[in-house]
Amino acid sequence: MTFVAPSLLAADYLHLGQEVADAEQAGVDYLHIDVMDGHFVPNLTFGIDMVAQIAKAARIPLDVHLMLSQPESYIEHFAKAGAKIISVHIEACPHIHNTIQQIKAAGCKAGVVLNPGTAASVLAPILPEVDLVLQMTVNPGFGGQSFIPSTLQNIQYLDQFRKQHDLHYLIEVDGGINQETADLCKDSGVDILVAGSYFFGQVDKAGCVELLKK
Ligand code: DX5
Ligand code: ZN
């Protein structure tokens, strides 16, 4: 089963409530929210209050992707704001085991994120602890970039590892996802597809979700 999570980064911010309602109506499973700090990545996006307002309007779970240096300082705040999944970058977390426990203690599902240049094997010790692994399929910071095919190796590693060790974390991909790249990811074991510009660029969003899930 494949799940779809539109990235609100590509939504029309002046009509965000309508964009959320339309996405839900189209049958998506999560709302993906990209939080950027202008430090870990060279862009700035949504803050805690924005996530709290989206949570009030949304009927489906918020999947919050923290592209922050020292994300541990903000976990509690995003959990209180209504995040259901919180994911942090391994590249930003020297104490990842502790950070994952912090996310769980805040009542959220815990995800760890890999940049395209990071080998998935670095996650081996933490994989039994996480609910989700988010593989970046572009370098984080901006929507509308092209999918990086070498990231499929990490996805295959993560899929094999969970089978070998009888683990049940979900594998999510983020960046450059369209119908074609979605198929490559699904063939490699991906469960959740994040799609920003591709999803919000569609007139027939329900048709798009149906095709992505196929
Ligand atoms: C990139 C973000 C992505 C981005 C994906 O840093 O994490 O979620 O919005 O956008 P598209 O689907 O346009 O590549
Ligand atoms: Zn993201």
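What you see is a predicted model; the values in this text were computed from it and never measured.

> Give a detailed account of the overall build of the chain, specifying residues and quantitative values.
A count of helices and strands for the chain gives eight helices and eight strands. When its C-alpha atoms are laid out on the principal axes, the chain stretches across 40 × 35 × 30 Å. Counting only residues that meet the buried cut, the chain has 54% of its 214 residues in that class. Considering only residue pairs separated by 6 or more positions, the chain has 62% of its internal contacts joining residues 24 or more positions apart. Carbon and sulfur atoms make up 52% of the accessible area of the chain, which amounts to about 9600 Å² in all. Where the 12 positive side-chain charges of the chain centre and where its 24 negative ones centre are 7 Å apart.

> Account for the coordination of the zinc ion (ligand 2), naming residues and giving values.
On the protein side, the zinc ion (ligand 2) has His32 (NE2), Asp34 (OD), His65 (ND1) and Asp174 (OD) as donor atoms, found 2.0 to 2.3 Å from it. Between consecutive donors of the zinc ion (ligand 2), the numbers of intervening residues give the motif H-x1-D-x30-H-x108-D. On the criterion of sequence distance, the pair formed by histidine 65 in strand S3 (residues 62–67) and aspartate 174 in strand S7 (residues 170–174) is long-range, its members being 109 residues apart. Using a relative accessible area of 0% as the deciding quantity, one classes histidine 65 as buried.

> Give me the site of ligand 1: which residues, what numbers.
The full set close to ligand 1 counts 20 residues, and Asp34, Gly141, Asp174, Gly196 and Ser197 are the nearest of them. The separation between an oxygen atom of ligand 1 and a polar side-chain atom of histidine 65 is 3.4 Å. Between ligand 1 and the protein, one listed contact pairs an oxygen atom with a side-chain N or O atom of aspartate 174 at 2.5 Å. In isolation ligand 1 offers 380 Å² of accessible surface; the protein chains occlude 99% of this area. Elements with a contribution of two residues or more to the shell around ligand 1: strand S2 (31–36), S3 and strand S8 (192–195). Split by residue class, the shell around ligand 1 holds eight nonpolar, 10 polar and two charged.

> Got a sec to walk through helix H8 (residues 205–213)? Specific residues and values, please.
Listed in full, the buried residues belonging to H8 are Lys205, Gly207, Cys208, Val209 and Leu212. Elements in contact with the buried residues of H8: strand S1 (3–6), helix H6 (179–187), S8 and helix H7 (197–200).

> Outline the pairing of S7, supporting the account with residue identities and numerical values.
S7 sits mainly inside the fold: four of its five residues count as buried. Sheet topology places strand S6 (residues 132–136) next to S7; five bridges connect them, and they run parallel. Looking at S7, one finds that methionine 136 is bridged to aspartate 174. On the question of chirality, the crossover connecting S6 to the parallel S7 by way of helix H5 (residues 151–164) is right-handed. Across three bridges, S7 lies against S8 in parallel orientation. Paired with valine 173 across the two strands is leucine 193, which belongs to S8.

What counts as what
- Residues numbered from 1 in each chain as written.
- Chains lettered and ligands numbered in written order.
- Predicted model: local features only at pLDDT ≥ 70, side-chain atom pairs only at ≥ 80, totals over all residues.
- Heavy atoms only, no water.
- Helix = DSSP H or I, 4+ residues; strand = E, 2+ residues; numbered from the N terminus.
- Buried < 20%, exposed > 50% of the residue type's maximum accessible area, 1.4 Å probe, protein only.
- Contact = heavy atoms within 4.5 Å.
- Areas by Shrake-Rupley, 256 points an atom, 1.4 Å probe, with all protein chains shown as cover.
- Lys, Arg positive; Asp, Glu negative; His and termini not counted.
- Charge placed at Lys NZ, Arg CZ, Asp CG, Glu CD.
- Donors = N, O, S within 2.8 Å, 3.2 Å for Na, K, Ca; no water.
- Near = heavy atom within 4 Å.
- Polar contact = N/O pair within 3.5 Å; in protein donor to acceptor, adjacent residues only side chain to side chain.
- Nonpolar A, V, L, I, M, F, W, Y, C, P; charged D, E, K, R; others polar.
- Pairing = 2+ DSSP bridges.
- Right-handed = clockwise from strand over helix to strand, strands pointing away.

Bear in mind that shape data such as this cannot, by itself, settle questions of function.
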